[in-house]
Amino acid sequence: MSINFDIPSVNRAEAKRFLESNPYQCSLSNFACPGELILLASKTDDTEVINLISNTDNPETTEVLYQVKSQKVLGFNGFDNCVEISVWRGVTDNYDEIRSRFIRAYFEQVLESCSIVIPQEQTKGAKAFWVRRMSAAILNSKHQVFIFDKETGRSEQLNDHDELVTAWYSGRYTFLISLI
């Protein structure tokens with residue numbers, strides 16, 4: 001799924017399509033959704049899509065502020081309970097702080113029950129997001145970050161930001177964040 005939420009007409013069309021799919025209202029334990037926004041989700045057997053949406057009263061101006069897609073990954077390199085998470089965000093400036101709080105709360109809630117596999121194909125913004133999330137995980141004594149070499153199948157735990165950035169930009173690895 002490659003939607004360019006930076007283009008307002010595309011963003012509004014995706015918001016409209018999502019609202020027409022009969023999503024259900026959801027919540028995150030560490031995130032209070034402001035009154036003018038709504039957190040909606042849709043789910044299939046192995047995939048969940050959550051959208052943080054603005055202004056649902058007027059379909060002409062409704063926007064997706066953040067979209068998170070999580071897909072179950074079974075038995076990834078010895079980690080049994082994993083999800084692959086893809087993220088997209090809109091560009092409306094009014095909600096930067098809220099978007100930041102939302103994605104952090106989402107990330108923390110998912111890590112309570114799953115390990116996160118970071119997908120390789122992403123937008124430039126999503127790549128920067130994941131580098132920040134993995135850097136924070138390395139610094140957090142409750143989290144650990146692993147890399148899996150696509151060529152050899154070897155894995156190792158990353159311990160600092162230099163190792164992370166070098167591995168990330170090599171394009172050779174798959175990354176995983178988990179609780180200790």
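Just so you know, these numbers come straight off a predicted model, no measurement behind them. (Residues numbered from 1 in each chain as written. Predicted model: local features only at pLDDT ≥ 70, side-chain atom pairs only at ≥ 80, totals over all residues. Heavy atoms only, no water.)

A. Layout of the side chain of threonine 174. Locating threonine 174 in the fold gives a position in strand E9 (residues 173-179). Threonine 174 has contacts with Phe76, Val117, Ile118, Gln120, Phe146, Ile147, Phe148 and Lys150, leaving out every residue within four places of it along the chain. (Helix = DSSP H or I, 4+ residues; strand = E, 2+ residues; numbered from the N terminus. Contact = heavy atoms within 4.5 Å.)

B. Main features of a negative patch on the surface. Residues Glu156, Asp160, Asp162 and Glu163 make up a contiguous surface patch of negative charge. With respect to the element layout, glutamate 156 can be found in strand E8 (residues 155-158). Residue glutamate 156 is classed as partly exposed on the basis of its relative accessible area, which comes to 39%. (Patch = residues over 30% accessible without salt bridge, like charges linked within 9 Å, V, L, I, M, F, W, Y side chains within 5 Å. Areas by Shrake-Rupley, 256 points an atom, 1.4 Å probe, with all protein chains shown as cover. Salt bridge = Lys/Arg side-chain N within 4 Å of Asp/Glu carboxyl O. Lys, Arg positive; Asp, Glu negative; His and termini not counted. Charge placed at Lys NZ, Arg CZ, Asp CG, Glu CD. Buried < 20%, exposed > 50% of the residue type's maximum accessible area, 1.4 Å probe, protein only.)

C. Looking closely at the pattern of salt bridges. Inspection of every chain in the model, using the stated rule, returns 6 salt bridges. Two residues, arginine 17 and glutamate 14, come together in a salt bridge whose shortest N-O distance is 2.6 Å. On the criterion of helical spacing, the pair formed by arginine 17 and glutamate 14 is a turn pair, its members being 3 residues apart in helix H1 (residues 8-20). A relative accessible area of 43% places arginine 17 in the partly exposed class. Judged by its relative accessible area of 7%, glutamate 14 falls in the buried class. Overlapping salt bridges bring together Arg89, Asp96 and Arg99 as one network.

D. A look at the sheet that holds E9. Reading across the sheet, the 9 strands line up as E1-E2-E3-E4-E5-E6-E9-E7-E8 and stay open at both edges, with mixed pairing between neighbours. Of all strands in the sheet, those with a lone pairing partner are strand E1 (24-25) and E8, marking the two edges. Here H1 sits on the sheet and contacts strand E2 (37-43), strand E3 (47-54) and strand E4 (63-76); the angle it forms with E4, its principal contact strand, is near 65 degrees. (Pairing = 2+ DSSP bridges. Axes fitted to C-alpha atoms, helices over the stretch in contact; angles between N-to-C directions.)

E. How the structure looks around helix H2 (residues 96-111). Over its 16 residues, H2 extends 23 Å from the first C-alpha to the last, a length consistent with the 22 Å expected when each residue adds 1.5 Å. Residues Ile98, Arg99, Phe102, Ile103, Ala105, Tyr106, Phe107, Val110 and Leu111 constitute the buried set of H2. (Expected span 1.5 Å × (residues − 1).)

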